[in-house]
Amino acid sequence: MMTRSRPPGPRQSRRAAGCAGLLLGAWLVLGAVPTPAAAGSMELPTSSPLATAAKPGAEADNSVEAPLSTATGAYTALSPTRLLDTRSTGQTLPAGGSLSLTVTGGSVPSGATAVALNVTVTDTSASSYLSVYPAGETRPLLSNLNWVAGETVPNLVIVPVGSGGQVTFYNYASSTDVVVDLEGYFAPEPPGTTAGSYVPLTPSRISDTRPGSGEPNSGSTLGPGSNLDIQVTGAGGVAASGVTAALLNVTVTDTTSASYLTVYPRGEAQPLASNLNWVAGDTVANRVVIPVSATGQIAVYNFFGST
């Protein structure tokens, strides 16, 4: 387990059969769709949620994440920012425990309708699940993360903002720590603009560091404390310009040690946040919504070991 001052530590997971590096697939290009009235004013992105089925033993074993229809307005992607780490605040969630977190203010305006959060559970002591929902509303029968004892599990969650600008986290059984990183927010779209619209793409691999992969960055396995710059715009069907962010499926494989991965816009300071967490031998995937730099690139950082 990483120290409390660092992003969440390793996780155990089911490995992808037959998968043998870092792989990125572009799923959506995020930015404005030009129209005669709005050409040249392309600014904001949007995204979709990642659903997770509960593991055996969890009460909500047939539940999935709330649909994107609950999040309305234009989406603004942000460089990941840590909002909560119960390991340092002493707010570990007990069985049946809930915690409400204020998400508006700072980077998120008071008029935001929903937020995109990378939520991680760690220090888990039994099989359980986590539900994330608007504060002040009845807790829905759904799960956003599911785990067994000892796992550290992340997932991207899109949730409407509730009363007081807060969202609520509920833990079903035993105890767990929760780490929350802000990825972006939805807010009403300005009249007469296409800011915040998205362009769906056929999934396309834009990076695969495994030697001999034949894809961009082949052979660029990430070592401990290393970064990899990846070109997003102009790759895999992504437009060469007018793109502010991308929705990516990021996978680590051939992992040699417990570690974590941080994805952020190239050229910006590396944030205190994690997008994937694993233990040696894991192959782990998660969806990431990330702004691109002025040159259309992202940076990927690996903490320890190689992947």
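Calculation criteria
Starting from 1, residues in each chain are numbered consecutively following that chain's sequence as written. Whole-chain, interface and lining totals are the exception, using all residues; otherwise, since this is a predicted model, local features are given only for residues with pLDDT of at least 70 and side-chain atom pairs are given and counted only at 80 or more. To get the side-chain values, all heavy atoms of the structure are used, and hydrogens and water are removed first. Segments assigned H or I by DSSP are reported as helices when at least four residues long, segments assigned E as strands when at least two residues long, and all are numbered from the N terminus. Relative accessibility thresholds used throughout: buried, under 20% of the residue-type maximum; exposed, over 50%; partly exposed, between the two (1.4 Å probe, protein chains only). The Shrake-Rupley method, run with a 1.4 Å probe sphere, supplies the accessible areas, and residue values consider only the shown protein chains as cover. By the convention used here, strands pair only if DSSP detects at least 2 bridges between them. Fitting a line to C-alpha atoms yields each axis, with helices limited to the stretch in contact; the angle taken between N-to-C directions then spans 0 to 180 degrees. Scored from 0 to 100, pLDDT records how confident the predictor is in each individual residue. Residues count as neighbours in contact if any of their non-hydrogen atoms are within 4.5 Å of one another. Residues belong to a common nonpolar core when they are buried Ala, Val, Leu, Ile, Met, Phe, Trp, Tyr or Cys residues joined through side-chain atoms within 4.5 Å. When two rings of Phe, Tyr or Trp (its six-membered ring) have centres within 6.5 Å they constitute a pair, described as stacked for plane angles under 30 degrees, edge-to-face for angles over 60, and tilted for the intermediate range. Only lysine NZ and arginine CZ atoms are considered, and such an atom sits over a ring when it is within 6 Å of the ring centre and within 35 degrees of the ring normal.

**Quick notes on the overall build of the chain**
Move 1: Along the backbone of the chain there are one helix and 16 strands.
Move 2: Classification of the 307 residues of the chain by burial places 55% in the buried group.
Move 3: Of the accessible surface of the chain, which amounts to about 11600 Å², a share of 53% is contributed by carbon and sulfur atoms.

**Structural notes on the pairing of strand S15 (residues 284–291)**
Move 1: Of all the eight residues making up S15, seven are buried; the element is thus mostly covered by neighbouring parts of the structure.
Move 2: With eight bridges connecting them, strand S12 (residues 243–252) and S15 associate as antiparallel partners. What sits directly across from Leu247, in S15, is Val289.

**Regarding the sheet that holds strand S2 (residues 74–85)**
Move 1: Pairing within the open sheet is antiparallel, and its four strands lie in the order S2-S9-S4-S7. Sheet topology places S2 and strand S7 (153–160) at the edges, where each strand pairs with a single neighbour. The average undirected angle you get between the axes of adjacent strands in this sheet is 20°.

**Looking at the sheet that holds strand S11 (residues 226–231)**
Remark on secondary structure: sheet strands pair via backbone hydrogen bonds, oriented parallel or antiparallel.
Move 1: If you walk across this open sheet you meet the four strands as S11-S16-S13-S14, and the pairing is antiparallel. Of all strands in the sheet, those bounded by a partner on one side alone are S11 and strand S14 (276–278). Taking each pair of neighbouring strands and ignoring which way they run, the sheet shows an average axis angle of 20°.
Move 2: Two elements, S11 and strand S16 (residues 297–302), share six bridges in a ladder whose sense is antiparallel.

**Focus on the confidence of the model for the chain**
Move 1: Model confidence for the chain is summarised by a mean pLDDT of 79, while 76% of its residues fall at 70 or above.
Move 2: Per-element confidence in the chain is highest for strand S3 (residues 98–102), whose mean pLDDT is 98, and lowest for strand S1 (residues 22–31), whose mean pLDDT is 56.
Move 3: In this model, residues 9–20 is a region of pLDDT below 50 whose contacts with residues beyond four sequence positions or in other chains number 44 contacts.
Move 4: Every residue in residues 27–70 scores below 50 in pLDDT, and together they form 139 contacts with partners more than four places removed in sequence or on other chains.

**As for the nonpolar core**
Move 1: Counting 27 residues, the largest nonpolar core has Val115, Leu117, Val119, Leu130, Leu145, Phe169 and Val178 as its most contacted members.
Move 2: Going through the elements one at a time, S2, S3, strand S4 (114–122), strand S5 (128–134), strand S6 (145–147), S7, strand S8 (166–171) and strand S9 (177–187) are the ones with two or more residues in this core.
Move 3: Sort the elements by how many residues they give to this core and S9 lands first, with five residues.
Move 4: Apart from the residues lying within four places of it in its own chain, the contact partners of Leu117 are Leu83, Asn155, Leu156, Val157, Val159, Val167, Phe169, Val180, Asp181, Leu182 and Glu183.

**As for the packing of aromatic side chains**
Move 1: For the structure on display, the rule yields five aromatic pairs.
Move 2: Residues Tyr75 and Phe186 carry aromatic rings whose centres are separated by 4.8 Å and whose planes lie at 55° to one another, so their mutual orientation is tilted. Here the residue Tyr75 occupies a position in strand S2, and Phe186 occupies one in strand S9, the gap between them amounting to 111 residues. Each member of the pair Tyr75 and Phe186 is classed as buried.
Move 3: Considering the side-chain rings of Phe303 and Phe304, the 6.1 Å spacing of their centres and the 40° angle between planes classify their relative orientation as tilted.
Move 4: Every member of this aromatic cluster is reached through a ring pair, and the members are Tyr260, Tyr301, Phe303 and Phe304.
Move 5: When the ring centre of Tyr170 is taken as origin, the NZ or CZ atom of Arg139, which lies over that ring, is 3.6 Å away.

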